[in-house]
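Inside the fold
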Amino acid sequence: MADQTFQTLGEFLIEKQDDFKYSSGELSRLLSAIRLASKVVNREVNKAGIAEIIGQAGMENIQGEQQQKLDVLANDIFIEALSQREVVCGIASEENDDYIEIISKENAHLSKYVVLMDPLDGSSNIDVNVSVGTIFSVYRRVSEPGTPVELRDFLQKGVNQVAAGYVVYGSSTMIVYSTGNGVNGFTLDPSIGTYYLSHPNMMFSKSGKIYSINEGNYAKFPKGVKEYLKYCQEEEGDRPYTSRYIGSLVSDFHRNMIKGGIYIYPSTSQSPKGKLRLLYECNPMAYLTEQAGGKCSDGFQRIMEIEPTELHQRVPFFCGSSDMVEKAEEFMRNA
Ligand code: AHM
Ligand code: MG
């Protein structure tokens, strides 16, 4: 312990600031706002069981408001942190029908960045004390700086992202992000509220032994997915693979990045576009995946090259170790 140095996320952000393509400190400030919001959400998520008791007792909070649902609360917390610090000119969230324009106190649209986010993904897991997460994605606006933000600022291809990341509120709370120079993970020391660099340069192994999919939907899967699952379960070479599915994208992704594996949320006969959202879930995860040496596709095409047409667009999602995703794509092509 004596001569070991621990790098905090704050120190890391300062050190890496010059790596950003358009360095003015703005992106670092934006990431600092996310860091702060994540600590507040973490506190609320940790109180979830207790909040339920308080909620059941019909108790109100200090402002006399009824307990808010955690996903709505997380949405408010992130929007507040990003807008108060004036580090974005617009926010789109899975929780809101439309994007939000952020105007600075000087009544200007100063920032060049927009954030797209899923403030509390997998929130149905909270009731059963299973990990949930926040997913975020950052783009430079494409419309004229200084003017109100426009829909086209949000409907950008994933390849245009300048940063993306997630927070996992798990057995420990971590923030994992990339600004285009690899993926780094930071673990929160809750006793002092500081994130420390704990997982430098995270990488997907080329292949892995885990497949993650909601097999309850098997009957509704496309033929290619059914056949790929049969392949995963066959006894041959390094197979059968292990099946692991939490049902919380951030946690399933985090485990697979550390251990090697594939995550699939395919189209189904009921939901031909799948379930996950291109802009709030798939693109940020695809950015991280590729930064970590993995691969992400809709079964046929690279996720980050899909042209978005609407904010809440859904897309089938195949993500993880590159050899495994390529194998699944082969089954999709040949089905
Ligand atoms: P949500 O954004 O409504 O929380 O849904 C997204 C979640 C993901 O975290 C998870 O991977 C998936 O839905 C699980 O869906 P299912 O229960 O259909 O397997
Ligand atoms: Mg979600």
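Under the annotation held in an unreviewed UniProt entry, the chain carries the name Fructose-1,6-bisphosphatase class 1 and is attributed to Frigoriflavimonas asaccharolytica. As recorded by UniProt, the Catalytic activity (unreviewed entry) comment attached to the chain reads in full: "beta-D-fructose 1,6-bisphosphate + H2O = beta-D-fructose 6-phosphate + phosphate". Turning to the chain, the UniProt annotation filed under Sequence similarities (unreviewed entry) states: "Belongs to the FBPase class 1 family."

Right, let's talk about the site of ligand 1 for a bit. Surrounding ligand 1, one finds Glu94, Asp118, Asp121, Gly122, Ser123, Asn214, Gly247, Ser248, Leu249, Asp252 and Lys275. For the shell around ligand 1, the secondary-structure elements that each account for two or more residues are strand E3 (113–121) and helix H7 (249–259). When its residues are assigned to classes, the shell around ligand 1 shows one nonpolar, five polar and five charged.

So, about H7. Most of H7 is tucked away: eight of the 11 residues are buried. Every buried residue of H7 is listed here: Leu249, Val250, Ser251, Asp252, Phe253, His254, Asn256 and Met257. Of the residues trailing H7, Gly260 is marked for its positive phi of about 90 degrees.

Another point: the packing of helix H2 (residues 26–46) against helix H4 (residues 70–84). Geometry of a packed helix pair, given as the angle between the helix axes and the separation of the axes. The interhelical angle for the contact between H2 and H4, taken along N-to-C directions, is 155 degrees, at an axis separation of 9 Å. Judged by the inter-axis angle, H2 sits roughly antiparallel to H4. In this structure, H2 meets H4 at a crossing whose hand is right-handed. Seen from H2, the contacting residues are Ala33, Leu36, Ala37, Val40, Val41, Glu44 and Val45; seen from H4, they are Leu70, Leu73, Ala74, Ile77, Phe78, Ala81 and Leu82. Each residue belonging to the contact of H2 with H4 can be placed in one class, and the counts come to 13 nonpolar, no polar and one charged.

Below, the discussion takes up the sheet that holds strand E13 (residues 317–320). Read from one edge of the open sheet, five strands run E10-E9-E11-E13-E12, paired in mixed fashion. Only two strands of the sheet have a single partner each, and these edge strands are strand E10 (242–243) and strand E12 (295–297). As defined by bridge partners, strand E9 (residues 210–212) adjoins strand E11 (residues 261–265) across three bridges and the pair is classed as parallel. Within E11, the residue paired with Tyr211 across the bridge is Ile262.

In terms of nonpolar packing, the biggest core is built from 91 residues, with Leu30, Leu82, Val88, Tyr113, Val114, Val115 and Ile264 touching the most fellow members. Every residue in contact with Val115, bar those within four places of it in the chain, is listed here: Leu82, Val88, Ile91, Phe136, Ser137 and Val138.

Per the UniProt entry, the sites bearing "binding site: substrate" (unreviewed entry) are Asp121, Gly122, Ser123, Ser124, Asn214, Tyr245 and Lys275 in this numbering. By secondary structure assignment, the location of Gly122 is in the loop between E3 and strand E4 (132–140). For Asn214, a count of 14 C-beta atoms within 10 Å translates into the label partly exposed. Setting aside residues no more than four positions away along its own chain, Asn214 makes contact with Tyr245 and Gly247.

Turning next to the UniProt feature "binding site: Mg(2+) 2" (unreviewed entry) in the chain. The feature "binding site: Mg(2+) 2" (unreviewed entry), as given by UniProt, occupies Asp118, Asp121 and Glu281 in the numbering adopted here. Annotated residues spanning 164 residues; largest pairwise C-alpha distance 8.5 Å, indicating a single compact cluster. Topologically, Asp118 is positioned in strand E3. Residue classification places Asp118 among the buried positions, given that 28 C-beta atoms sit within 10 Å. Once residues lying within four places of it in the same chain are set aside, the contact partners of Asp118 are Glu94, Thr134, Ile135, Tyr280 and Glu281. Along the chain, the position of Glu281 falls in helix H8 (residues 278–291). The exposure class assigned to Glu281 is buried, which follows from the 27 C-beta atoms found within 10 Å. Discounting residues that sit within four places of it in the chain, Glu281 has contacts with Asp118, Asp121, Ile135, Leu249 and Leu276.

Considered for burial, the residues of helix H6 (residues 223–233) that qualify are Val225, Tyr228, Leu229 and Cys232. For H6, the angular spread of buried residues about the axis comes to 100 degrees, placing them on one side. Across from the buried face of H6, at angles greater than 90 degrees, the exposed residues are Lys223 and Lys230. In this structure, the buried residues of H6 make contact with E9, E11 and helix H9 (322–334).

Now for the environment of Glu326. Mapped onto the elements of the fold, Glu326 is located in helix H9. Overall, Glu326 belongs to the partly exposed group, with 14 C-beta atoms counted inside 10 Å. Taking the C-alpha atoms as reference, Glu326 lies 22 Å from Arg277; in sequence the two are 49 residues apart.

What counts as what
Residues numbered from 1 in each chain as written. Chains lettered and ligands numbered in written order. Predicted model: local features only at pLDDT ≥ 70, side-chain atom pairs only at ≥ 80, totals over all residues. UniProt positions renumbered as here; feature names shortened; annotations may be inferred. Near = placed C-beta within 6 Å. Helix = DSSP H or I, 4+ residues; strand = E, 2+ residues; numbered from the N terminus. Nonpolar A, V, L, I, M, F, W, Y, C, P; charged D, E, K, R; others polar. Buried ≥ 20, exposed ≤ 12 C-beta atoms within 10 Å, placed from the backbone. Axes fitted to C-alpha atoms, helices over the stretch in contact; angles between N-to-C directions. Parallel < 35°, antiparallel > 145°, perpendicular 65-115°, else oblique. Left-handed = near helix turned anticlockwise from the far one by under 90°. Contact = placed C-beta atoms within 7 Å. Pairing = 2+ DSSP bridges. Core = buried A, V, L, I, M, F, W, Y, C linked by C-beta atoms within 7 Å. Arc of directions from axis to C-beta.

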